[in-house]
Protein chains: 2
Amino acid sequence: MKRAKKKAFAEFMSQRGLKSTKQRDIILDSFLSSDRHLSIEELYLKLRSKHPNIGYATVYRTLKLFAEAGIAREMQFGDGQTRYEHVSEGEHHDHLVCTRCGHIEEFENEAIEKLQDEVAESHGFLIERHRLELYGLCATCRK
Amino acid sequence: MKRAKKKAFAEFMSQRGLKSTKQRDIILDSFLSSDRHLSIEELYLKLRSKHPNIGYATVYRTLKLFAEAGIAREMQFGDGQTRYEHVSEGEHHDHLVCTRCGHIEEFENEAIEKLQDEVAESHGFLIERHRLELYGLCATCRK
DNA sequence: CGCCATCATGAAAGTGATATCCATTGACAT
DNA sequence: ATGTCAATGGATATCACTTTCATGATGGCG
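First, a word on scope: everything that follows refers to the structure included in this document. (Residues numbered from 1 in each chain as written. Chains lettered and ligands numbered in written order. Predicted model: local features only at pLDDT ≥ 70, side-chain atom pairs only at ≥ 80, totals over all residues. Heavy atoms only, no water.)

**Describing the relation of the copies chain A and chain B**
Note the following rule: Least-squares superposition aligns the copies on the C-alpha atoms of those residues with pLDDT at or above 70 in both. Contacts were defined at the residue level, with two residues in contact if any of their heavy atoms lie within 4.5 Å.
With an RMSD of 0.3 Å, the fit of chain A onto chain B corresponds to turning through 178 degrees and sliding 0.0 Å along the axis. As the rotation angle and translation indicate, the two copies are arranged about a two-fold axis. No C-alpha of chain A approaches the rotation axis more nearly than that of L132 of chain A, which lies at 2.2 Å. Of the interface residues in chain A, 100% have counterparts in chain B that sit at the interface too, so the contact is made through matching surfaces.

Next comes the structure, spelled out in structure tokens:
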């Protein structure tokens, strides 16, 4: 899975005539081996300890590149930071966001998707994408 | 309806020991008699022509106040601006957002809400609120 | 190899929207 | 009418990006 994404990214890069660099390799590794909803800041800080020579701008640009390459997706959960999540081919999911600890869980629900399609249709609307987020307290924070 | 909200806001203000001012009255009137999804900027510009003496900061603070008072709600639709929509008591709705013209339609769907509750329950999650937005092309822009 | 046209990098500066500061003004209980 | 404390608005600060620019790498070509 990590391998598949690395390959996909490498292909995207060569198609666009972009270069492979140490920084990009490091950032990709770190991104793939981390939590699914990192912000630029978080990833930057995570890298900073082992690779103090990687700049914020590079992390920023590289994450954008991941998004363009289709291996990451930009998401907003209302905390003022853009987060990047891993994209797995053909898979779609929505989110449960804990308002206390910030923890994000994912879920999938076919029935909801179907109902969304019906709503769109009844409004003559053509859906490109959607977002569904449930905010509240996660199981741990309820106690 | 406008009357009810004015009253609700007045009550909120006096409970908090806050003062009634010309500016707040004007901003509330303008907010209530406008489109349901205004940004600060939009409301500020709308007011500017008739009331050039009202500052941006006042519009900003007053909208926040509306949100605290429960007569408005802050929303993000991904265009980089916070929008304020009217809150009608006990009513909840979701949104269809046109990615071409920016038009926002509202809809309600009980069945979807019910399924959301089930999802939350199965994760031990306690829902406080949710957001559901369908992005795509509105009926007009499809042509 | 060595060249060199390009692309990439990182520090710093720029942006745009939101948030706060502060000197002045206004509201309202007494 | 007056004192007190909140409100106002212009200006400034903040925050999270986003872009600039001088310097450093990359990799195709001879």
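**Points about the sheet that holds strand β2 (residues 72–76) of chain A**
One key point about sheets: their strands pair by backbone hydrogen bonds, in either a parallel or an antiparallel sense. All names here are of chain A. What counts, and what does not: In this scheme, strands are said to pair when DSSP sees at least two bridges between them. Strands here are runs of E lasting at least two residues and helices are runs of H or I lasting at least four, both read from the DSSP assignment and numbered beginning at the N terminus. Between the N-to-C directions of two axes lies an angle of 0 to 180 degrees, each axis being a line fitted to C-alpha atoms and, for a helix, fitted only over the stretch in contact.
Spatial ordering of the open sheet is given by β1-β3-β2, a layout of three strands whose pairing is antiparallel. Both edges of this open sheet fall to β1 (38–39) and β2, since each of them pairs with a single strand only. Alignment of β1 against strand β3 (residues 82–86), held across two bridges, turns out to be antiparallel. Bridging across to β3, L38 finds its partner in Y84. Sheet contacts for helix α4 (residues 56–69): β2 and β3; angle to β2, the most-contacted strand, approximately 110 degrees.

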